[in-house]
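Topology and contacts: notes
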Amino acid sequence: MKPCAGSVGSGGLAVLCIVLLAAPAAAQDLKQKSNYLRNIELCSGLDHAPADARIGACTELIDAGQDMTPAGLAIAYNNRGNAYAAKQDYDRAIGDFDRSIELNPTYTKPFNNRGVAYLRKHEYDRATDAFDQAIRLNPNYGEAFANRAGAYLKKNDYARAVQDYDQAIRLEPKLDGVWNGRCWSRAILGALQEALQDCNKALQAGEANAATYDSRGLIYLKTGEFGAAIDDYSAALRIDPKLASALYGRGLAKLKRGDKAGGNVDIAAAKAIQGSVGDDFTRYGVQ
């Protein structure tokens with residue numbers, strides 16, 4: 001390294017030399033701190049960072065684990081698991097959620113997120129077990145109740161789904177999908193007026209999506225209001241033209257109104273998308 005100009009005894013110059021010599025190390029520390037903070041932001045999903053960026057940032061934090069507390073590492077693993085889940089890499093996601101739980105067994109989020117990953121893998125018993133654990137840790141975890149309700153729907157356990165949606169709505173009534181979820185469950189169980197109130201509430205709350213119109217279409221189909229059913233199923237299909245349940249329901253409604261040709265076209269289209277859709281409607285109490 002080139003020595004500083006001037007002598008050590010030349011007033012403030014020696015101090016200036018020391019500062020200049022220290023500056024590269026200080027700059028390096030500042031850069032490392034800046035990178036660390038940026039990784040925290042990315043790992044946390046700030047600014048809707050892409051999944052790969054989140055995975056990379058979380059991995060850097062995890063690899064530098066000696067600088068983090070177990071609770072901080074647990075968060076990093078949970079967040080990386082969420083990023084893997086966003087890429088539909090559910091096995092890696094579950095591995096990260098498992099590690100997060102090992103590091104902090106009282107951290108509720110990875111239990112819930114592990115349940116969601118199992119739900120998407122169609123492993124419904126494992127999903128409900130994971131949501132059970134999350135709810136035991138936090139009995140006021142509205143999202144976990146809503147997710148467990150979704151798992152019960154997949155298991156065709158509509159009564160338990162309604163009970164969990166009741167809890168989710170009590171705790172977090174603005175959660176996405178809870179009003180429609182309870183509407184759908186109640187419609188299948190035959191509590192049609194209560195179901196209609198839920199669907200209307202969902203639409204008023206801004207859930208004007210294909211699923212909500214599809215749910216209300218089933219209610220109208222069951223109550224014999226076939227014109228209203230056709231309108232709602234058509235609304236659902238404008239949003240999602242490949243929604244088999246809406247096609248099949250509209251086909252049934254058309255048949256019941258005497259439109260045999262139109263009904264058969266819709267039913268055939270529905271079966272081409274989902275061959276078992278007719279069995280589903282039999283289970284819903286509609287033929």
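Residues numbered from 1 in each chain as written. Predicted model: local features only at pLDDT ≥ 70, side-chain atom pairs only at ≥ 80, totals over all residues. Heavy atoms only, no water.

The number of helices and strands found in the chain is 15 helices and 0 strands. The burial tally for the chain puts 47% of its 287 residues in the buried class. Sequence separation of at least 24 residues holds for 46% of the intrachain contacts in the chain that already meet a minimum separation of 6. Summed over all atoms, the accessible surface of the chain reaches about 15,200 Å², with 51% contributed by carbon and sulfur. (Helix = DSSP H or I, 4+ residues; strand = E, 2+ residues; numbered from the N terminus. Buried < 20%, exposed > 50% of the residue type's maximum accessible area, 1.4 Å probe, protein only. Contact = heavy atoms within 4.5 Å. Areas by Shrake-Rupley, 256 points an atom, 1.4 Å probe, with all protein chains shown as cover.)

The biggest cluster of nonpolar side chains holds 54 residues, and the ones touching the most others in it are Val178, Leu218, Ile219, Leu221 and Phe281. Not counting chain neighbours up to four residues away, the residues in contact with leucine 221 comprise Phe226, Ala229, Tyr233, Gly249, Leu252, Ala253, Lys256, Phe281 and Val286. Formed by 16 residues, the second largest nonpolar core is a distinct cluster that contains Ile94, Ala117, Phe131 and Ala151. (Core = buried A, V, L, I, M, F, W, Y, C linked by side-chain atoms within 4.5 Å.)

Running from N to C, helix α11 (residues 210-223) and helix α12 (residues 226-239) point in directions that differ by 165°, and their axes come no closer than 8 Å. Viewed along their axes, α11 and α12 adopt a mutual orientation that is roughly antiparallel. In the packing of α11 onto α12, the handedness of the crossing is left-handed. Residues Ala210, Tyr213, Asp214, Arg216, Gly217, Leu218, Tyr220 and Leu221 of α11 pack against Phe226, Ala228, Ala229, Asp232, Tyr233, Ala235, Ala236 and Ile239 of α12. (Axes fitted to C-alpha atoms, helices over the stretch in contact; angles between N-to-C directions. Parallel < 35°, antiparallel > 145°, perpendicular 65-115°, else oblique. Left-handed = near helix turned anticlockwise from the far one by under 90°.)

Another aspect to go through is a nonpolar patch on the surface. On the surface, Tyr36, Leu37 and Ile40 cluster together to form a nonpolar patch covering roughly 240 Å² of accessible area. With respect to the element layout, tyrosine 36 can be found in helix α1 (residues 13-43). We classify tyrosine 36 as partly exposed; its relative accessible area is 33%. (Patch = residues over 30% accessible without salt bridge, like charges linked within 9 Å, V, L, I, M, F, W, Y side chains within 5 Å. Salt bridge = Lys/Arg side-chain N within 4 Å of Asp/Glu carboxyl O.)

This part takes up helix α3 (residues 70-86). Counted at 1.5 Å a residue, the expected span for α3 with its 17 residues is 24 Å, and the 24 Å between its end C-alpha atoms agrees. For α3, the buried fraction is high: 12 of the 17 residues fall into the buried class. The complete set of buried residues in α3 reads Gly72, Leu73, Ala74, Ala76, Tyr77, Asn78, Asn79, Arg80, Gly81, Ala83, Tyr84 and Ala85. (Expected span 1.5 Å × (residues − 1).)

Under the definition given, this model contains 2 disulfides. Here cysteine 183 connects covalently by a disulfide to cysteine 199, the sulfurs 2.0 Å from one another. Sign of the S-S torsion, about -85° for the bond between cysteine 183 and cysteine 199, identifies this disulfide as left-handed. Of the two residues, cysteine 183 is situated in helix α9 (residues 178-189) and cysteine 199 in helix α10 (residues 192-204); the sequence distance between them amounts to 16 residues. (Disulfide = S-S within 2.5 Å.)

The next thing to look at is the environment of alanine 195. Relative to the assigned elements, alanine 195 resides in helix α10. Apart from residues lying up to four places away in sequence, alanine 195 is in contact with Cys183, Arg186, Ala187 and Ile219.

Before going further, it helps to examine the side chain of serine 215. Along the chain, serine 215 falls in helix α11. If we skip the residues at most four places from it in the chain, serine 215 touches Asn180, Cys183, Trp184 and Cys199.

Here the focus is the packing of aromatic side chains. Each aromatic ring pair is described using two quantities: the centre-to-centre distance and the angle formed by the ring planes. Counted by the stated rule, this structure contains 3 aromatic pairs. Pairing tryptophan 184 with tyrosine 284 gives two aromatic rings, centres 5.2 Å apart and planes at 80°, and the pair type is edge-to-face. Note that tryptophan 184 is positioned in helix α9 and tyrosine 284 in helix α15 (residues 277-284), a separation of 100 residues in sequence. The two residues tryptophan 184 and tyrosine 284 agree in class, both being buried. With centroids separated by 4.9 Å and ring planes inclined at 40°, the aromatic side chains of tyrosine 248 and phenylalanine 281 adopt a geometry described as tilted. Here phenylalanine 281 lies in helix α15 and tyrosine 248 lies in helix α13 (residues 244-256), a separation of 33 residues in the sequence. (Phe/Tyr/Trp six-rings, centres within 6.5 Å; stacked < 30°, edge-to-face > 60°.)

On to the confidence of the model for the chain. Averaged over every residue, the pLDDT of the chain is 89; the share at 70 or more is 87%. Segment residues 1-28: pLDDT under 50, and 6 contacts once partners within four positions in sequence are set aside and those in other chains are kept. (pLDDT = per-residue confidence, 0-100.)

Take the pattern of salt bridges next. Applying the stated criterion across every chain yields a total of 20 salt bridges. The partner of aspartate 89 in a salt bridge is arginine 92, with the nearest N and O atoms 3.7 Å apart. Aspartate 89 sits in the partly exposed class, given a relative accessible area of 25%. One salt bridge in this structure joins arginine 160 and aspartate 157, with 3.7 Å as the shortest N-O distance. Judged by relative accessible area, which is 44%, arginine 160 ranks as partly exposed. Aspartate 157 gets classed as partly exposed once you look at its relative accessible area, which sits at 25%. Taken together, the shared-partner salt bridges connect Asp91, Lys121, Glu123 and Arg126 into one network.

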